[in-house]
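Overview (structure and organization)
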Amino acid sequence: MVRNYPNSQPDSSAWPSASSQSAGAAPSVTATSKSLQSHGRRLSALSSPDGALAIYTPHKYSRSSRIHSAEVRILDMKTGNSTPFSKDPNDREPRWLGESNQVIWLKDVAFGATELWISDAEGSEINCHCAGRIDARVANLKLHRIDECTIALTFSCPTTADGALFNPTKGTAAHVSNSIWYTTLSKRAYEKNAFKVRYIVWPSRPSNALKSTGLHSPLSPSPDACNDFDVTSTGLSFIARDPSIGALDPLRTELYYIPLKSFSNSAPPRPQLLSIPGFEGSSSHPVFSPNGKSIAFLKKQARRDENDRNRLIVINDLDKPMPSTGDLPQRASREGWHLSPQSVSWSGDGTELYVVAEDDGHRKLFKVPYMLSSISSLPKPVASECSVFGIQGFKSSVQIIIEIHEEQKNNSNNASLTRLTPPASPIPAVLSSPSSPLNNISNLSGINPPPDFSINLVFDSAQALSPIGVYNIALDTIYRLSLHPWSGTIRRAVFFSLPQYTEQVLIEPKYLGRGAVRELQTGFAILALYAGVVAMTPPTRNLFYELQVTISKDRVAVGRCTIRPTPPTLASDRNRTAMLEQQMNSSSVNTSTKSLATDTGSFTDPEDPNFRLTYTYTNARLNSKDVFLAAIDGVAAAARNNPGKRCAQISAASPGAASRRGVVVNISALRHPRRVLFTYQYASRAMVLLTRVMQEANRWESVGFYLEHGGLKFGEGFVRGTVPGDVAVA
C-alpha cells in the first residue's frame, strides 16, 4: 500500500485540466486496434460529502511493455489537482466514509479473502487501519450512516447452497448464486486508551439477507446491475426474480424490501414484495431517499415486452407501499412521456429526483419533483448537450455531481466530471479522461465500416466479466449473426449466451414508442460488438467490465449492443470457466504443460456431423487472447458475404499482427472432383471450431489443419504467430 504522496501534483498526462480543454477542441481520435488497446479508462468518480473532493480509479495499458496499471486517485474539485491515494493493485472500490474525508476501500488478500481498510484522504499511514476481514471475495460495497457511531455496511458476494460465503480456496462447496450481505461499521475503543476509537466491522461475521428465501440479487442480466440494491438506516431494497414465476417470465424482476430494526440481526425478516397495480413488467434501479422513508425505482408496465419503456415510480411511505403516481405527465397527444428513464437519483435534500434518459443519442439529465403527482408539464433537460453517465447528490445542498461526455466541435467526446448547481449552467469540467466514445473504427483489421456508422462505449465498473467468457460469447454471437444478411434488419431485442459461460450479449434496436423501432442493420450490430471486444483487449481482468455500445447511423441512435454478466447455469460450468480464466488472464503466452497425447487429432462439428476439422500442432506457442481476436476478426470479415457464397480464401489477424506481435489465420478452399462447395459459412465455422479445439486441449500453439465434409477434403488453413521463427506449416 502506497501512502504519503504530495498533495498538489496534477496528473495532467492522464487527465487534462479544464484550462487545457478550453484552449481548443480535443484532438480527433482514430479508433485503430492499437488505440483501442492502449486507451485510458476511468471508473466512476465519487464525490466527498461536501463536494470538495472526488475519488476515482484510472486504468492504463501499455502495448509496448504489455503492462496494465491502475491506481486510486483523489481530485480537488476546485483546483483540478489530482493526487495519488494508492497504487496497490489489490485496492479497489474506494468509498467516502462520510466523516472527516475518510475513505474506506476493499483490499484483496491471500486465501480468497477481502479486507476493509480505512484512511483519511491524505493517505496518512498513521490514520490507516484494517477495519475487518471477510472470508470471501466481496464486491458492490455500499454504506449508509445510521448514527454518529454506526454505519450500515452492505455488499454482494457469491453464496453456497446452505447460504454461506463462497470461497473457492476453502473447499469444494459449489457456488450457487449472488446474495446481499450486511453488517455494520461501529466505533470501538482500541489499545489501552478507552478514549481512542476507530471504526471496525461489527459483528465480524456478516449476515446473508436472502438466506432461505430462494431469491438471488444482484442480478447480472440487469443493465444497471450495480444499482440492483440499496441500503438505508431502516432496511434494504433489492430486485430479484420471483422463483414462482421464473419459468414463465425468465427476465422479469420484482422489487423487494427488507425492514431491519438492527443491522446486527443475523436473522432478517422475510422480504416484502412491493407490487404496483397495473404494472406487471420488470423493476430496476431502487434508490432510497436521504431520510429512508421513500423509495424511487423504475418499472415497465407490459409484462413480456422487452421494448416497453421504463416508468418512474415513487413510494412515499414504505410502511404503506402505495405509489404517488405510475408515470410522468401526459403529452398533448395523450401519450405518456415518450422517453425511457435509465437511472434515477435523489437530490441531497430529498425534494427532487434526477432522471437520466436517452434522447436522440444523448443520455440527457432531467429534474422532477419527488411528488410526481404535482408535475404539470413535461420535464425539461438540465443537461442536454452531453451524455450523462453518473450522478451523485450532496447531503448538504441541492448541488449534484454529474459525469458527462461533452460534445466537441470535431465530433470527439471527452468524459468529464462536472459540478452542477441547478438552475445555473455547468461550470467548466475539471476532470477529463481520454475519449471512450468512438466515432471511427475504419482502421480495424478486416473490417471497413460505412461512413455513417458510429458508436459510443460506456463501461460499468461494478460488473466484472470473465475474459474467456467475453471472447467465446462474442465469437459465437458474430457467427450466429453472420448467418443472416449483412444489410438485414433486427426488429426486436435478441439475446445470445452459451450455457458454460456467465456472460451474454443483448442486441436491441432503438425503441420509438407504440411498437415502433429504428432500423438496426445486422452489419452494424456486428461492427459494434467487434469494436467492443477489441476495446476490452488489454490482458487483465480489471478492464473486462459490462459494456454498453450505443450504435448510431448519421449521428442518430438506432440501437445498442450490451456485453453483460448472466447467472451461471451449473456449478461445474462455473468451475470450468474459473480454471480456463487463469490462463486467459496471463499477459504472457500460455506455458501450460497440459496437452493432448498426440500432436494430431480431429474435431467434429456438434452442429453438423458431416463437417470435421483435422489439425496438427507445430509447437510454436501463441497468446490465447490473440488467437481469439484473430478468429473474431475473421468471422466478422466473413459476415459481409452471403454465408452460402463460395469462399476462395479468407485471412484474419489479431490487432497486434501489424506490429509482428500477434496471430494470423488463413483458410482457403481446395479443388475437388466432386466439387464440394466451400462457403463463407464453413470458413467462419472453422474459426469457431479452432478455438474450441485449443480450449479443450488447453494448448495454444501454431497449427495447420484441413477441413472435410462427408469425408471429402475441401478446405485447408493454418494459425501462426507473426514473430519470426514462429511459423506453422499447413
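Here's what I pulled together on the structure shown here. (Residues numbered from 1 in each chain as written. Predicted model: local features only at pLDDT ≥ 70, side-chain atom pairs only at ≥ 80, totals over all residues. Heavy atoms only, no water.)

1. A short note on the overall build of the protein chain
Counted only if it meets this: The secondary structure listing takes helices from DSSP runs of H or I that are at least 4 residues long and strands from runs of E that are at least 2 residues long, numbered from the N terminus. For the exposure calls, accessible area comes from a 1.4 Å probe over protein chains only, and a residue counts as buried if that area is under 20% of its type's maximum, exposed if over 50%, partly exposed in between. The contact criterion used is simple: two residues touch if any of their non-hydrogen atoms lie within 4.5 Å. Computed with a 1.4 Å probe, the accessible areas rest on the Shrake-Rupley method; for each residue, only the protein chains presented here act as cover.
For the protein chain, the helix and strand inventory stands at 7 helices and 46 strands. Here the protein chain, with 730 residues, has 57% of them falling under the buried criterion. Contacts in the protein chain between residues at least 24 apart in sequence constitute 59% of all its contacts with a sequence separation of at least 6. Accessible area of the protein chain: about 30400 Å², with a carbon and sulfur share of 50%.

2. Let's talk about the packing of helix 3 (residues 467-482) against helix 6 (residues 624-638)
As a reminder, the rule being used: Throughout, an axis means a line fitted to C-alpha atoms (over the contacting stretch in the case of helices), and angles, computed between N-to-C directions, take values from 0 to 180 degrees. In these notes the angle categories are as follows: under 35 degrees is roughly parallel, over 145 is roughly antiparallel, 65 to 115 is roughly perpendicular, and the rest is oblique. When the near helix sits turned anticlockwise from the far one by under a right angle, the crossing is termed left-handed; a clockwise turn instead gives a right-handed crossing. In this classification, Asp, Glu, Lys and Arg are treated as charged, Ala, Val, Leu, Ile, Met, Phe, Trp, Tyr, Cys and Pro as nonpolar, and every other residue, Gly included, as polar.
The contact between helix 3 and helix 6 brings their axes to 9 Å, and the two run at 15 degrees. The pairing of helix 3 with helix 6 is recorded here as roughly parallel in orientation. Judged by the twist between their axes, the crossing of helix 3 over helix 6 is left-handed. For the pair helix 3 and helix 6, the contacting residues are Tyr471, Asn472, Ala474, Leu475, Ile478 and Tyr479 in the first and Lys625, Phe628, Leu629, Ala631, Ile632, Val635 and Ala636 in the second. Its residues placed into classes, the contact of helix 3 with helix 6 shows 11 nonpolar, 1 polar and 1 charged.

3. Side note on the environment of Ala136
When you line up the elements, Ala136 lands in the loop between strand 11 (129-134) and strand 12 (139-147). Ala136 sits in the buried class, given a relative accessible area of 0%. Along the backbone, Ala136 and Phe166 are 30 residues apart, and their C-alpha atoms lie at a distance of 6.2 Å. Contacts of Ala136, omitting those with residues within four sequence positions, involve Gly112, Ala113, Thr114, Cys157, Leu165, Phe166 and Asn167.

4. Observations regarding the pairing of strand 26 (residues 362-369)
Quick reminder of the rule: Any two strands are treated as partners once DSSP identifies two or more bridges connecting them.
Counting buried residues along strand 26, 6 of its 8 residues qualify, which places the element largely inside the surrounding structure. Where strand 25 (residues 352-359) meets strand 26, 8 bridges bridge the pair, whose relative direction is antiparallel. Looking at the pairing, Leu353 lines up with Val368 of strand 26.

5. Quick look at the environment of Thr79
Under the convention used in this document: We call two N or O atoms a polar contact when they sit within 3.5 Å, provided that within protein one can donate a hydrogen and the other can accept it, with sequence-adjacent residues counted only if both atoms are side-chain atoms.
Among the structural elements, Thr79 can be located in the loop between strand 6 (72-76) and strand 7 (82-86). Engagement of the side chain of Thr79 in a polar contact is seen with the backbone nitrogen of Asn81, the distance being 3.3 Å.

6. Comments concerning the nonpolar core
The criterion, for reference: Nonpolar cores are built from buried Ala, Val, Leu, Ile, Met, Phe, Trp, Tyr and Cys residues. Side-chain atoms within 4.5 Å join them into one set.
Counting residues in each nonpolar core, the largest one holds 78 residues, and the members touching the most others are Ile507, Val533, Ile667, Leu707 and Val719. The contact partners of Ile507, leaving out residues within four places of it in the chain, are Thr477, Leu481, Ile490, Arg492, Ala493, Val494, Phe496, Leu520, Ala525, Arg560 and Cys561.

7. Thoughts on the pattern of salt bridges
Let me state the cut-off plainly: Put simply, a salt bridge is a Lys or Arg side-chain nitrogen that is within 4 Å of an Asp or Glu carboxyl oxygen.
The tally for this structure, following the rule as stated, stands at 24 salt bridges. Linking Lys107 and Asp91 is a salt bridge whose minimum nitrogen-to-oxygen distance equals 2.7 Å. Remark: Asp91 occurs in strand 8 (residues 91-96) and Lys107 occurs in strand 9 (residues 102-108); sequence separation between them is 16 residues. Both residues of the pair, Lys107 and Asp91, belong to the buried class. With a shortest N-O distance of 2.5 Å, Arg252 and Glu254 are connected by a salt bridge. The burial state of Arg252 is the same as that of Glu254; both residues are buried.

8. Re the packing of helix 4 (residues 522-535) against helix 6
Angle between the axes and distance between the axes are the two parameters that describe a pair of packed helices. Closest axis-to-axis distance for the helix 4/helix 6 pair is 11 Å, and the angle between their directions is 165 degrees. Classified by the angle their axes make, helix 4 and helix 6 are roughly antiparallel. Relative to helix 6, the crossing made by helix 4 is left-handed. Here Ile526, Tyr530 and Val533 of helix 4 come into contact with helix 6, specifically with Leu629, Ile632, Asp633 and Ala636. Along the lines of polarity and charge, the residues of the contact of helix 4 with helix 6 split into 6 nonpolar, no polar and 1 charged.

9. Remarks on the sheet that holds strand 2 (residues 46-47)
As summarised here, the arrangement of the 4 strands in space is 2-3-6-7, forming an open sheet in which the pairing is antiparallel. Because the sheet does not close on itself, it has two edges, and the strands there are strand 2 and strand 7. Relative to strand 6, strand 3 (residues 53-56) is paired through 4 bridges, and the arrangement is antiparallel. Paired with Ala54 across the strands is Leu75, a residue of strand 6.

10. Things to note about the packing of aromatic side chains
Here is the rule: Each Phe, Tyr or Trp ring (for Trp, its six-membered ring) is paired with any other whose centre lies within 6.5 Å, and the angle between the two planes then decides the class: stacked below 30 degrees, edge-to-face above 60, tilted in between.
Evaluated as defined, the whole model comprises 14 aromatic pairs. Note on Tyr615 and Tyr617: the rings are 5.7 Å apart at their centroids and 70 degrees apart in plane angle, and the pair reads as edge-to-face. Per residue, the accessibility class of Tyr615 equals that of Tyr617, and both read buried. Aromatic pair Phe678 and Phe714: ring centres 5.2 Å apart, planes at 80 degrees, arrangement edge-to-face. In this pair, Phe678 sits in the loop between strand 44 (663-669) and helix 7 (680-697) while Phe714 sits in strand 46 (residues 712-721), placing the two residues 36 residues apart along the sequence. We note that Phe678, like Phe714, is buried. Joined through ring pairs, the aromatic side chains of Tyr471, Phe544, Phe628 and Trp700 make up one cluster.

11. Things to note about the pairing of strand 19 (residues 254-259)
Summarising burial for strand 19: 5 of the 6 residues are buried, a large majority. With 6 bridges joining them, strand 18 (residues 235-240) and strand 19 adopt antiparallel strand pairing. From the neighbouring strand, Phe238 faces strand 19, where its bridge partner is Tyr256. Here strand 19 runs beside strand 20 (residues 272-273); their pairing, made up of 2 bridges, is antiparallel. Bridge pairing in strand 20 places Tyr257 opposite Gln272.

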